[in-house]
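# A look at the structure
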Amino acid sequence: MGKGIAITGMGVISAIGNNVEENYESLISKKIGITKISHIDTVHKNDIMVGEIPTTNSVLETQLGLSPDSWSRTSLLAVIAAKQAVTNAGITDINAFRTGLISGTTVGGMDKSEQYFYEYFENDKTWHHINGLHAGDSTQKIALSLGLKSSFTTTISTACSSAANAIMLGARMIKSGQLERVIVGGADCLSKFTINGFKTLMILSDTYNTPFDDNRKGLNLGESAAYLVLESDAVVAKENKKVLAYVKGYGNANDAFHQTASSDNGDGAVLAMEQALKVAGLSPDSVDYINAHGTATPNNDLSEGRAMNRVFNGKVPDFSSTKAFTGHTLATAGAIEAVYAVLALQNNVIFPNLNFRTPMQEFDLLPETELKQKELNVVLSNSFGFGGNCTTLLFSKEA
Amino acid sequence: MKKRVYINSVGSVSAQKTFENTLFLEEITSYNDTTMGVINPNYKDYIPPAAARRMAKGIKMSTVSSKTALDEAGLDNVDAIIVGTGLGCIDDSEKFISAIIDNKEQFLTPTRFIQSSHNTVSGQIALGIGCKGYNYTYVNGATSFESCLIDAMIQLQLEEAENVLVGGVDELVPHHVNTHRLINHIKKIPVESAHLLASKTEGCVMAEGAHFFVLSEKKQASTYAELIGVRTYNILAQNQLAQTVTAFLKEHELSSDAIDLVVLGYNGDVTFDPYYDLLAKGMFADTAQAYTKHLSGEYDTAGGFAFWFASKVMRTGTLPAVAHLNKVAITKPKTILLYNQYRGEYHSLVLLRQC
């Protein structure tokens, strides 16, 4: 029986709010963050919808005391969310315990790299962005902003399961005794790179995304940053910390089917969910709510739905995808949805799967479409990515 | 009780002819340049030509290197695949960006975007061997590869896996080189391999490579060494280095005297090589010293080459003269320490023991 790893702080910035409280308010009042794109000048602006954070770079820079055009938007969002998490955990001396940082990102500083790709050779005022193409650069900026020195820091990039995998690694590093405390999560901003990339894959919806609906047309890209603080039992006891929830189980598996598509029967997803339950020492019937990956692409929702049916033997617990609120925030999806899972546990609520009208033909799964009050003890969260990467996290009220 | 971790096989594609796994730097390729590409194996021996046609070079190099490692370990499959890369298949990323700009976001095709995903190599290896196990990709600058080692050790020690394939890969591509030349991260003036450390100029000689290893909980005939410990540090001040190394060794109940060979990450950058001098002229002044970046060049996962090098030294019991940094003789080293950093950040310590 696995013992959970304590979550003692969290922070988030997304299209539906600049902090945890605002995100929660939006989730319970059905306030969605999907709009036309405003910060990026793309030729696709009239045929896509996105989950864009309204705050401009210049406002974020002012908030962080940076001069204009200092950092990639990914780093700006990341530092804001990570600082919230550390403050929320009541940490005053970041180096007091053996503290690590694990961040997930897919685009890193791509927003600046694509902007200055040719200009680098003409304008030396852009040169501080050259190294920002390294995904690790955003992580180092978070680490230095938090005051982490001589610390274990790393970056994970497994596409849309990156931050989920950061949470999983953080839990394992505390379990193995390598770290006493770790800040885990991820950050990704919108970029032309991802907009055009997903456009070529023809999985972008031209309207509001509709997870698990038979007429779903694809995903809305989003941007966000979200971080959580995990602490060992010894630190929690010593500091008399309030525990928000626990990372109870985790599993990562590979679909080994296709570079960008999920297998028809969701083999990787089944393995990830089963492994997470095994690590937690829980049976499927102890899961009270599933926050699904539910990107609203034809492929994902079919594959994930079949996988849920397999793991839960046809008795799938209440489930919903919150991507209709935020869009698919790529690397960060696993972290922002971890925050939502903790909020669900704290408030005993299931967030609605918005925009659902028509059940899928392939199975009789019906997501929760209204806010539902229910005593929750265990929440399962899925995140799946390119490269066949499948991750499941289990969050619980009790250790 | 902690389980032991063994390096059971190696695979390398680098600026030296290392893809022939039976060799160990008997034949040295010397460069007089500011960049070094890999010596390419005959990829057709490993990858069907139709598949290789649009395949990113990072995937190709990794296919060869990982297959070499799997073959030597006598394995068709593993429980986990963990890959480190500073920039992934960046040639595809750069071509996708330039196509977006040049074609005004029109007429794009998905292949380059798909291969731009940092985890494309770990995903492709999993697809190739049908591995449904744990699959991670670390992208943390010069500690990308070392992050893999840390993760693999946890896998084996927590008994999450029995055999783990770990690797590091990075590509050398024009736009990346040209932009990093602008900011003096790459040398402006060519330097001869043998004189790298005497260049006294800013920047490194940038290169590429792919290194894979099977780490296992069980020792076997092919075992090279035991991996004792790995730690990374996001930043370290020069005045903290010696105490950090001492503390790391102490965690493993060792003192600096117990180290038979120290492999230092000197890359010829006059600004940051002093970090290595601190150890070479300090606590390890009387210890045999080696360096490898005149052979491999510098890249985010050049630590993979140093790890390959140390494994080979352990297995053969000999230190190739070309990599020997000082006059302290050594045969059959029992304990090897590797220290690397890049531009004063991303420090790592790796400890190997004979077994």
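Remember, predicted model here, so these are calculated numbers, not experimental data.

## Regarding the domain arrangement of chain B
Accessible area lost during the coming together of the parts is what is often quoted as the interface size. All names here are of chain B. Looking at the assigned domains, one finds that chain B contains domain 1 (6–216) and domain 2 (228–353). Listed as interface residues are 51 residues of domain 1 and, on the opposing side, 45 residues of domain 2. When domain 1 packs against domain 2, the two sides together hide about 3,800 Å² of surface, and 68% of this comes from carbon and sulfur. It is Phe-24, Ala-142 and Leu-197 in domain 1 that bury the most area against domain 2; as a group they hold 18% of the surface buried on that side. Taken together, the links from domain 1 to domain 2 amount to one salt bridge. A salt bridge links Arg-315 to Glu-72; the shortest N-O distance between them is 3.8 Å. The interface formed by domain 1 and domain 2 holds 11 residue pairs in polar contact (both at pLDDT 80 or more) in total. Elements with a minimum of two residues in the side of domain 1 that touches domain 2: strand 1 (6–13), helix 6 (144–157), strand 6 (163–170), strand 8 (206–207) and strand 9 (209–216). Looking at the side of domain 1 that touches domain 2 element by element, the count peaks at six residues for helix 6. In terms of residue class, the side of domain 1 that touches domain 2 is made up of 23 nonpolar, 21 polar and seven charged.

## Quick look at the sheet that holds strand 7 (residues 221–222) of chain A
Judged by pairing direction, the sheet is mixed, and its three strands sit side by side in the order 2-3-7 (chain A) without closing on themselves. Every other strand in the sheet has two partners, leaving strand 2 (34–35) and strand 7 of chain A as the edge strands with one partner each.

## With respect to empty space enclosed by the protein
As enumerated under the stated definition, the model contains eight cavities of 30 Å³ or more in all. In this structure, the largest cavity occupies an estimated 260 Å³ of space. Sorting the residues of the lining of the largest cavity by element identifies helix 7 (192–200) of chain A together with helix 3 (90–102) and helix 4 (110–116) of chain B as the ones contributing at least two each. Broken down by element, the residue count for the lining of the largest cavity peaks at three residues, all from helix 7 of chain A.

## Considering the interface of chain A and chain B
Each partner contributes to the interface: chain A provides 66 residues, whereas chain B provides 66 residues. For the pair chain A and chain B, the summed buried area comes to about 5,600 Å², and 60% of that belongs to carbon and sulfur atoms. Three residues stand out in chain A for area buried against chain B, namely A:Phe117, A:Arg172 and A:Gln259, and they jointly supply 12% of the buried area on that side. Between the two partners, chain A and chain B, sit four salt bridges. The residue A:Arg172 makes a salt bridge to B:Glu160 at a minimum N-O spacing of 2.7 Å. Looking at the side of chain A that touches chain B, the elements that each hand over two or more residues are helix 4 (110–115), helix 5 (135–146), strand 5 (153–156), helix 6 (162–175), helix 7, strand 9 (245–254) and helix 9 (267–280) of chain A.

## Side note on the nonpolar core
B:Ile7, B:Leu215, B:Leu227, B:Phe309 and B:Leu352 are the most contacted members of the largest nonpolar core, which totals 107 residues. Sort the elements by how many residues they give to this core and helix 12 (residues 333–347) of chain A lands first, with 10 residues. Leaving out residues up to four positions away in the same chain, B:Leu215 has contacts with B:Val5, B:Tyr6, B:Ile7, B:Leu149, B:Ala152, B:Leu156, B:Glu162, B:Asn163, B:Val164, B:Val166 and B:Leu227. A:Ile48, A:Ala89, A:Ala159 and A:Leu190 belong to the second largest nonpolar core, which has 56 residues in total.

## So, the packing of helix 1 (residues 20–28) of chain A against helix 12 of chain A
All names here are of chain A. Relative orientation of the contacting elements helix 1 and helix 12 amounts to 70 degrees, with a least axis distance of 11 Å. Relative to helix 12, the element helix 1 is oriented roughly perpendicular. In this structure, helix 1 uses Val-20, Asn-23, Tyr-24 and Leu-27 to contact helix 12, whose residues at the interface are Ile-336, Val-339, Tyr-340, Leu-343 and Asn-347. Per-class residue counts for the contact of helix 1 with helix 12 are seven nonpolar, two polar and no charged.

## A look at the environment of A:Thr392
Residues and elements named next belong to chain A. Along the chain, Thr-392 turns up in strand 15 (residues 389–396). When its relative accessible area of 0% is taken as the criterion, Thr-392 is described as buried. Taking the C-alpha atoms as reference points, Thr-392 and Gly-294, separated by 98 residues in sequence, lie 13 Å from one another. Residues within four places of Thr-392 in sequence aside, it is in contact with Gly-249, Tyr-250, Gly-251, Ala-269, Ala-272, Met-273, Ala-276, Leu-380, Ser-381 and Asn-382. There is a polar contact of 3.3 Å between the side chain of Thr-392 and the backbone nitrogen of Met-273.

## Topic: the packing of helix 3 (residues 73–88) of chain A against helix 5 of chain A
Two quantities define a packed helix pair, namely the angle between the helix axes and the distance between the axes. Residues and elements named next belong to chain A. In the contact formed by helix 3 and helix 5, the axes pass within 9 Å of each other and the chain directions differ by 40 degrees. Here helix 3 is positioned oblique relative to helix 5, judged by the angle of their axes. Considering the relative orientation of helix 3 and helix 5, their crossing is right-handed. Of the residues in helix 5, those in contact with Thr-74, Ser-75, Ala-78, Val-79, Ala-82, Lys-83 and Val-86 of helix 3 are Ser-138, Lys-141, Ile-142, Ser-145 and Leu-146. In terms of residue class, the contact of helix 3 with helix 5 is made up of six nonpolar, four polar and two charged.

## Looking at the pairing of strand 15 of chain A
Residue and element names in this part refer to chain A. Counting buried residues in strand 15 gives eight out of eight residues, a clear majority hidden from the surface. With burial as the criterion, each face of strand 15 is covered, one bearing Asn-389, Thr-391, Leu-393 and Phe-395 and the other bearing Cys-390, Thr-392, Leu-394 and Ser-396. Summarising the sheet, strand 9 and strand 15 pair through eight bridges and their orientation is antiparallel. Bridge pairing links Asn-254 to Asn-389 in strand 15. Where strand 14 (residues 378–385) meets strand 15, eight bridges bridge the pair, whose relative direction is antiparallel. Bridge pairing in strand 15 links Leu-380 to Leu-394.

## Here we look at the domain arrangement of chain A
Residue and element names in this part refer to chain A. Partitioning chain A into domains gives domain 1 (5–239) and domain 2 (248–396). At the interface, 63 residues of domain 1 touch 65 residues of domain 2. Buried surface at the junction of domain 1 and domain 2, summed over both partners, amounts to about 4,900 Å²; 68% is from carbon and sulfur atoms. Linking domain 1 to domain 2 there are two salt bridges. Between Asp-301 and Arg-216 there is a salt bridge, and its shortest N-O distance comes to 3.8 Å. At the boundary of domain 1 and domain 2, one finds 27 residue pairs in polar contact (both at pLDDT 80 or more). Within the residue set of the side of domain 1 that touches domain 2, elements represented by two or more residues are strand 1 (5–13), helix 1, helix 6, strand 6 (181–188), helix 7, strand 7 and strand 8 (224–231). Ranked by residues supplied to the side of domain 1 that touches domain 2, first place goes to helix 6 with nine residues.

## Points about helix 2 (residues 57–73) of chain B
All names here are of chain B. Given a rise of 1.5 Å per residue, 17 residues ought to cover 24 Å, and the 24 Å separating the end C-alpha atoms of helix 2 matches this to within 8%. When helix 2 is considered as a whole, its buried residues turn out to be Gly-58, Ile-59, Lys-60, Met-61, Ser-62, Val-64, Ser-65, Ser-66, Thr-68, Ala-69, Leu-70 and Ala-73. Those residues of helix 2 that are buried are in contact with strand 1, helix 1 (49–52), helix 4, helix 5 (120–129), strand 6 and strand 9. Where helix 2 ends, the next residue or the one after it, Gly-74, has phi of about 70 degrees, a positive value.

## So, the pairing of strand 10 (residues 225–235) of chain B
All names here are of chain B. Within strand 10, 10 of the 11 residues are buried, which leaves it mostly tucked inside the rest of the structure. Looking at chain direction, strand 1 and strand 10 are connected through two bridges and run antiparallel. Of the residues in strand 10, the one forming a bridge with Tyr-6 is Glu-226. Examined bridge by bridge, strand 10 and strand 14 (residues 345–353) share eight bridges and lie antiparallel to one another. By the bridge assignment, Leu-227 is partnered in strand 14 with Leu-352.

Reading the values: the criteria
- Residues numbered from 1 in each chain as written.
- Chains lettered and ligands numbered in written order.
- Predicted model: local features only at pLDDT ≥ 70, side-chain atom pairs only at ≥ 80, totals over all residues.
- Heavy atoms only, no water.
- Domains from an automatic or database assignment.
- Contact = heavy atoms within 4.5 Å.
- Buried area = accessible area lost by both parts, 1.4 Å probe.
- Salt bridge = Lys/Arg side-chain N within 4 Å of Asp/Glu carboxyl O.
- Polar contact = N/O pair within 3.5 Å; in protein donor to acceptor, adjacent residues only side chain to side chain.
- Helix = DSSP H or I, 4+ residues; strand = E, 2+ residues; numbered from the N terminus.
- Nonpolar A, V, L, I, M, F, W, Y, C, P; charged D, E, K, R; others polar.
- Pairing = 2+ DSSP bridges.
- 1 Å grid on protein atoms, 1.4 Å probe; cavity = no way out; pocket = protein on both sides within 12 Å on 5 of 7 lines; lining within 4 Å.
- Points joined across faces, edges and corners; volume = space filled by probe spheres on them.
- Core = buried A, V, L, I, M, F, W, Y, C linked by side-chain atoms within 4.5 Å.
- Buried < 20%, exposed > 50% of the residue type's maximum accessible area, 1.4 Å probe, protein only.
- Axes fitted to C-alpha atoms, helices over the stretch in contact; angles between N-to-C directions.
- Parallel < 35°, antiparallel > 145°, perpendicular 65-115°, else oblique.
- Left-handed = near helix turned anticlockwise from the far one by under 90°.
- Expected span 1.5 Å × (residues − 1).

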